[in-house]
Amino acid sequence: MSSRELADFLRRRREDLQPEDAPAGATRPPSRRVRRTPGLRREEVAALAQVSVSYYERLEQARAPRPSPQVLSALATALQLTGAERDHLARLAGQVLPTEDDGAPEHVPEDAQQLLGRLDGIPAYVVNDRQDVVAWNAAAAALITDFSRLTPDQRNVTRVSTRLRDTLCTGAPGSESGFSQQAAAQLRAASVRYPTDSLLAELINEFAAHDPDFASSWRNHDVRPMLSVRKNLRHPTLGELEIDRHILSLPGSGFSLVMYTAEAGSASAAALKSL
């Protein structure tokens, strides 16, 4: 991963913060200049992380040596990064080795297959880091689409959602933008874990070219996962549904379990049971 990616990530996270966001008691250099740009200034981040201003400036200019783990930790604290963002920062800086695999895993663990079978009546599927649907249950096929009729390259969450946007679409304001942001965050994190995955690179280029919201989120380096999202779906036979999508990471496997549920006692919950 290039130093320019690291520089861009640091700059965008710095611009997300305001002076009032700094922790109580933090030391910042006094400044009376009128702020004409968003977020903290470089010298303020340097002071919070206790590194020299010149070094931090060179980091954002992609001209500095690779930061040490101690400096990365200080920068992550200064920029108030989430756990996912800390991991992303470490990978960008080369402190976490990329996986030796050429691409996202596709062989589903046996225990994940068993779990799918036990989720009777709950639409669920398993995805890899590339967001390929690699296993699903009958309820998911009934709610979303018959994945068995799709070719392997079509069984991608983003591709499926794009193809079904007009028939199985969300009705919540801004939900399409939210989905694009989530897809960009997931694929951005995967691109650092699998830098040589050519299929992943093709997906990213495809979505960025056709989805402005995805392209904007990609440029913003947002890698924070949205583990639960409420969606309004218009199903061809069940009608309007208000359901929650939950994402559970399967530790150490490179896969995640995605489930769809509805509020107990609601019409949507009754509709899901009919699947």
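First, a word on what this report is: a plain description of the structure on this page. In this text the structure is predicted, and so the values were computed from the model without any measurement.

A look at the overall build of the protein chain
Across its full length, the protein chain holds 12 helices and 5 strands. Evaluated residue by residue, the protein chain yields a buried proportion of 45% over its 275 residues. Intrachain contacts of the protein chain at a sequence separation of at least 6 include 57% that bridge at least 24 residues. Working note: accessible area of the protein chain is about 14,400 Å², and carbon and sulfur atoms make up 50% of it.

A short note on the pattern of salt bridges
Evaluation of the coordinates by the stated rule reveals 17 salt bridges. Between R13 and E85 there is a salt bridge, with the nearest N and O atoms lying 3.9 Å from each other. A residue pair is termed long-range when its members are at least 10 positions apart, and R13 in helix α1 (residues 3-16) and E85 in helix α5 (residues 83-92) qualify at 72 residues. Note on accessibility: R13 and E85 belong to one class, buried. One network of salt bridges, in which partners are shared, links D8, R11, R12 and E15.

Remarks on the nonpolar core
The biggest cluster of nonpolar side chains holds 25 residues, and the ones touching the most others in it are L6, L10, V51, Y56, L59, L75 and L89. Looking at this core element by element, the count peaks at 5 residues for helix α4 (residues 69-78). In this structure, L75 is in contact with V45, A49, Y56 and L59, ignoring residues within four places of it in sequence. If you look at the next biggest cluster of nonpolar residues, it comprises 22 residues, including I144, L233, V258 and A269.

Observations regarding the side chain of H235
With respect to the helices and strands, H235 occurs in strand β3 (residues 228-235). Separated by 2.9 Å, the side chain of H235 and the backbone oxygen of A142 make a polar contact. From its side chain, H235 meets the backbone oxygen of L143 in a polar contact 3.4 Å long.

Here we look at the environment of A7
One can find A7 in helix α1. The class for A7 is buried, based on a relative accessible area of 5%. Through-space distance from the C-alpha of A7 to that of A93 is 9.7 Å; in sequence the pair is 86 residues apart.

The rules behind each value
- Throughout, residues of each chain are indexed from 1 in the direction in which the sequence is written.
- Confidence filtering applies because this is a predicted model: local features only for residues at pLDDT of at least 70, side-chain atom pairs given and counted only at 80 or more, and all residues used for totals across whole chains, interfaces and linings.
- Side-chain measures were taken over the full set of non-hydrogen atoms in the model, leaving aside hydrogen atoms and water.
- Helix and strand definitions follow DSSP, with helices as H or I runs of at least four residues and strands as E runs of at least two, each counted in order from the N terminus.
- Exposure categories follow from relative accessible area, calculated using a 1.4 Å probe and restricted to protein chains: below 20% of the type maximum is buried, above 50% is exposed, and the middle band is partly exposed.
- Throughout, a contact is declared for two residues whenever any of their heavy atoms are within 4.5 Å.
- Under the convention used here, a 1.4 Å probe and the Shrake-Rupley method define accessible areas, while residue burial counts only the protein chains that appear.
- In the sections that follow, a salt bridge refers to a side-chain nitrogen of Lys or Arg positioned within 4 Å of a carboxyl oxygen of Asp or Glu.
- Here the nonpolar core consists of buried residues drawn from Ala, Val, Leu, Ile, Met, Phe, Trp, Tyr and Cys, with membership extended through side-chain atoms lying within 4.5 Å.
- As used in this structure description, the phrase polar contact means that two N or O atoms lie within 3.5 Å; if the pair is within protein, one of them must be able to donate a hydrogen and the other to accept it, and residues adjacent in sequence are counted only when both atoms belong to side chains.

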